[in-house]
Amino acid sequence: MNNKRKSSFKPDDTTYSEQFNDINLGSESGYKLRPKIVKPQHVSIIGGGIASACAAYALTKQGIKVTLYCKDSSLAQGASSNAIGALYPLLHQQEDDISLFYQQAFWRAKALYTEVSQQGFDFPHSWCGLLEIAYKESLEKRQEKFAKLATWPATLIHKINAKQASKIANITLNNGGLFMPNAGWISPPLLVKQMINAAKATGKLTVKTNVLVNKIEQVQAIKEQTSNDITKKEKNHWRLLTNKGDFYARVLVVCGGAEVINIDFIKQLPFTSVQGQITSMKTNSKINALSTVICHKGYLTPSSSTSQHQGIHCIGATFKKNNTSTIATKADDEFNLNMLSSCLPELAKKINWTEQDISASKARLRCMTPDHIPMVGAMPDIQKHIKTYPHLAKDKNWKYNQAAPVINNLYVMMGFGARGLCSAPLAADILTADLCGTPYPVNKEMLFNLSPNRFVIRDIIRRKYNK
Ligand SMILES: Cc1cc2nc3c(=O)[nH]c(=O)nc-3n(C[C@H](O)[C@H](O)[C@H](O)COP(=O)(O)OP(=O)(O)OC[C@H]3O[C@@H](n4cnc5c(N)ncnc54)[C@H](O)[C@@H]3O)c2cc1C
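From a predicted model like this one, the values you see are computed outputs, not experimental measurements.

(A) Local environment of the overall build of the protein. Helix and strand content of the protein: twelve helices and 21 strands. Residues counted as buried form 48% of the 467 residues belonging to the protein. Sequence separation of at least 24 residues holds for 75% of the intrachain contacts in the protein that already meet a minimum separation of 6.

Given below as C-alpha cells:
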C-alpha cells in the first residue's frame, strides 16, 4: 500500500500516476494526493466563460501557451453573459467548509479583478457593497444570531439597521440587514472579454470561437524509442472531435459549464444544471439613486453605467432544476417581478415596475455540484478508485497510502453554481498550482473539498458501488 514516488520522466512526457504533489499527508489518506505534472508548454481549454477566462489568464501569466475552444461566435455567451452579476461570498454563521472557501475566494476575486482593471483592461463594475436585507422576521432573527456570533470580520460582513441601510442604499428601506461593504457588481461578459484581452497581451493565448467540441478521446501515448516514426498527432494525449475537424491537446482543461456536463469522462461526475432567468428593468426616478446591491430571495442591482446597459437594473433570478432551456419566458419575468413585490412590497410599490419596463430577459444554465463547492483538479479514474479503496466501505477512516488514480492530462474546472464570479479566480490559482507546481493557495482540507474525486470517495464510503 505504499506510494511509489519515482522521478524518471522528462519534460513533456507526463506520466502523472507515478508522481504526486508535495502535500504532507500526515494522518490523511492517499486519495487526497494531487498528481504532479511537469509544467506543460501548452494547455487546451474548452470553455469561454469566467472560468476559462480566469484559467487562461493565470496560465498565460505562468508562460504557458493556451488555446481556448469556444462553441459560440464570441466569448461569454453562457452563464457568464448576464448584463450584471453580483460579486459576494456565500457565508454561513459558522466557519464551515463552504464559508471558508467562499470568503477566501471572494478576497482573491476582488484582488484579481482589481489587478486586471489596473493593467488597463477595465470593465464596468462597482464595489458598492451588498445588503442582504432582512425582509422577514425569521430572517431578522437569524441575522441577529449571525451578528452576535461575529464569526467573520466586519470588513466582510456586519449588521446594519434600516436607517443605516437607507443611507448606504441612498433610497428609503424599511429593513436593515447584513451588509458586505467590499462586495459589489460586475458586468460578467465585459470582465471575461477584458481578462481574455489581458491574457492575449502576453502573446500566449489563441482563442478559437465557433468550435463546438462534440467528443473528447484519449490518444495512446507512444513510447519515446519509437518517436522518430510517430506523427505529431500521435504524440498528443487528447483528440477533440469538433464541428471544425479534429484538434489535439497534450493537457486538456474542461471549463465548459452546464452545457458540457454530458460530454465523455465529465459525465461521470455529479454535475447538474439549474436554469435561471434574470430580467433587466428600465430605471426610473424612484430607483435610479440606488447605490448598493440588494439581496432578498433574489436580487436587485443599482442601475448599470455601461453604455450597453445604461440605466438598467437587473432583478432575479429563477432556479429551475430539470430545465435546460435558454429561452427566456414571460412567466419567469413575472416571477422575478413578483419575488421583488413579495419580499420588498413597499419598495416595489414605489418603483411601480410593470411588464412595460422590462428591457431584456435572459435564461442561462448554472452548473451545480451536490455540495455547492466547485470542482478543480485532475479528472479521477472512477473505476480505479473503486478498486483501489474498497475498504473505505467498511471503515471510512481506513488509511490508504495509494494516491488517487486519475485520467492522465485531463483537468476539470467547473461547478461554479450561482457564485462563479466569486469562486473562479481561486479555482484558477489551484489549477495553476496543479499544472505549474506553484504553491497551493489553500490548505489541504480545502484542496480535497475542491477535488473532483471527493464524490467518488464519498460514494465508496456510502457503499454506493456495493449495491
Ligand atoms: C440567472 C443567473 C444569475 C446568476 N447570477 C450570478 C451572480 O450574481 N453572481 C455570480 O457570481 N454568479 C452568478 N451566476 C452564476 C455564474 O453566472 C456562473 O457561475 C458562471 O458564469 C459560470 O462560468 P463558467 O465559465 O463555468 O460557465 P459559462 O459562463 O457557462 O461558460 C461556459 C463556456 O463553455 C462553452 N462551451 C460549453 N460547451 C462547449 C463545447 N462542447 N465546446 C466548446 N465550447 C463549449 C460555452 O460556449 C461557454 O462560453 C448566475 C447564473 C445565472 C444563470
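(B) Expanded view of the nonpolar core. Core analysis: the biggest nonpolar cluster contains 139 residues, and Ala 55, Ala 56, Met 413 and Leu 431 have the highest contact counts within it. Of the residues that make up this core, three or more belong to each of domain 1 (28-79 + 191-271 + 371-466) and domain 2 (125-185 + 272-365). Residue contacts for Ala 56: discarding those within four places in its chain leaves Ile 45, Val 66, Leu 68, Ile 196, Ala 199 and Leu 205.

(C) Spotlight on the site of the ligand. Taken together, 41 residues lie around the ligand, and Gly 48, Gly 49, Gly 78, Gly 257 and Gly 420 are the ones closest in. Breaking the shell around the ligand down by element, the ones donating at least two residues are helix 1 (50-61), strand 3 (85-87), strand 14 (272-282), strand 19 (358-368) and helix 10 (420-436). Broken down by class, the residue content of the shell around the ligand amounts to 19 nonpolar, 16 polar and six charged. Counting the residues that make up the shell around the ligand, at least three belong to each of domain 1 (28-79 + 191-271 + 371-466) and domain 2 (125-185 + 272-365).

(D) Main features of the packing of helix 2 (residues 97-118) against helix 10. Two numbers describe how helix 2 lies on helix 10: the axes approach to 7 Å, and their chain directions differ by 85°. One finds that helix 2 runs roughly perpendicular with respect to helix 10. Of the residues in helix 10, those in contact with Tyr 102, Gln 104, Ala 105, Phe 106, Arg 108, Ala 109 and Leu 112 of helix 2 are Leu 421, Cys 422, Ser 423, Pro 425, Leu 426 and Asp 429. Here the residues of the contact of helix 2 with helix 10 sort into nine nonpolar, two polar and two charged.

(E) Fine view of the environment of Thr 114. As for its position among the elements, Thr 114 is in helix 2. Distance from Thr 114 to His 125, taken between C-alpha atoms, is 10.0 Å for residues eleven residues apart in sequence.

(F) The arrangement of the packing of helix 1 against helix 5 (residues 188-200) in detail. Here helix 1 crosses helix 5 at 20°, and the two axes come no closer than 9 Å. For the element pair helix 1 / helix 5, the angle class is roughly parallel. Relative to helix 5, the crossing made by helix 1 is left-handed. Judged by residue contacts, Ile 50, Ala 53, Cys 54, Ala 56, Tyr 57 and Thr 60 of helix 1 engage Pro 188, Leu 191, Val 192, Met 195, Ile 196, Ala 198 and Ala 199 from helix 5. In the contact of helix 1 with helix 5, the residues fall into twelve nonpolar, one polar and no charged.

(G) Geometry of helix 7 (residues 330-343). Its 14 residues give helix 7 an end-to-end C-alpha distance of 20 Å, which sits within 8% of 20 Å, the value for a rise of 1.5 Å per residue. What helix 7 keeps buried is the set Asp 332, Asp 333, Asn 336, Leu 337, Met 339, Leu 340 and Cys 343. Along the long axis of helix 7, the arc covered by the buried residues comes to 150°, so they all point the same way. In helix 7, those exposed residues whose orientation departs by more than 90 degrees from the buried face are Lys 330, Ala 331 and Asn 338. Each element contacted by the buried residues of helix 7 is listed here: strand 14, strand 16 (299-300), strand 17 (312-316), helix 8 (345-351) and strand 19.

(H) Highlighting unusual backbone geometry. That bond from Gly 316 to Ala 317 is cis: its omega, -5°, falls within 30 degrees of zero. With respect to the secondary-structure elements, Ala 317 resides in the loop between strand 17 and strand 18 (320-321). Positive phi outside glycine occurs at Ala 76, with the angle close to 55°. Within the fold, Ala 76 resides in the loop between strand 2 (65-69) and strand 3.

(I) Summary view of the sheet that holds strand 4 (residues 125-126). Across the sheet, which stays open at both edges, the three strands sit in the order 3-8-4 with antiparallel pairing between neighbours. Strands at the two margins of the open sheet, each flanked by one partner only, are strand 3 and strand 4. Where strand 3 and strand 8 (residues 184-186) come together, three bridges link them in antiparallel fashion. From the neighbouring strand, Leu 87 faces strand 8, where its bridge partner is Gly 184.

(J) Spotlight on the environment of Ala 134. Examined against the element boundaries, Ala 134 turns out to sit in the loop between strand 5 (130-133) and helix 3 (137-149). Separated by 161 residues in sequence, Ala 134 and Cys 295 place their C-alpha atoms 9.2 Å apart. With residues up to four places along the chain from it excluded, the contact list for Ala 134 reads Leu 139, Glu 140, Gln 143, Asn 175, Gly 176 and Gly 177.

(K) Structural context of the sheet that holds strand 1 (residues 42-46). Strand order in the open sheet made by the six strands is 9-2-1-13-21-20, with mixed pairing throughout. The open sheet has two edge strands, strand 9 (205-208) and strand 20 (375-380), and neither has a second partner. Direction aside, neighbouring strands of the sheet carry axes that sit 25° apart on average. Both strand 2 and strand 9 contribute to a ladder of four bridges, which runs parallel.

(L) Here's a closer look at the environment of Ala 424. Mapped onto the elements of the fold, Ala 424 is located in helix 10. Assessed through the 30 C-beta atoms surrounding it within 10 Å, Ala 424 is described here as buried. C-alpha of Ala 424 to C-alpha of Ala 105: the two residues are 319 residues apart in sequence and 7.8 Å apart in space. Non-local contacts of Ala 424, meaning those with residues more than four positions away in its chain, are made with Ile 50, Ala 51, Cys 54 and Phe 416.

(M) Broad picture of helix 5. Between its terminal C-alpha atoms helix 5 stretches 18 Å, which fits the 18 Å expected from 13 residues at 1.5 Å a residue. Among the residues making up helix 5, those that are buried are Pro 188, Pro 189, Leu 191, Val 192, Gln 194, Met 195, Ile 196, Ala 198 and Ala 199. Tucked into the core, helix 5 has its buried residues touching helix 1, strand 3, helix 2, strand 8, strand 9 and helix 10.

Rules and cut-offs
Residues numbered from 1 in each chain as written. Predicted model: local features only at pLDDT ≥ 70, side-chain atom pairs only at ≥ 80, totals over all residues. Helix = DSSP H or I, 4+ residues; strand = E, 2+ residues; numbered from the N terminus. Buried ≥ 20, exposed ≤ 12 C-beta atoms within 10 Å, placed from the backbone. Contact = placed C-beta atoms within 7 Å. Core = buried A, V, L, I, M, F, W, Y, C linked by C-beta atoms within 7 Å. Domains from an automatic or database assignment. Near = placed C-beta within 6 Å. Nonpolar A, V, L, I, M, F, W, Y, C, P; charged D, E, K, R; others polar. Axes fitted to C-alpha atoms, helices over the stretch in contact; angles between N-to-C directions. Parallel < 35°, antiparallel > 145°, perpendicular 65-115°, else oblique. Left-handed = near helix turned anticlockwise from the far one by under 90°. Expected span 1.5 Å × (residues − 1). Arc of directions from axis to C-beta. Pairing = 2+ DSSP bridges.

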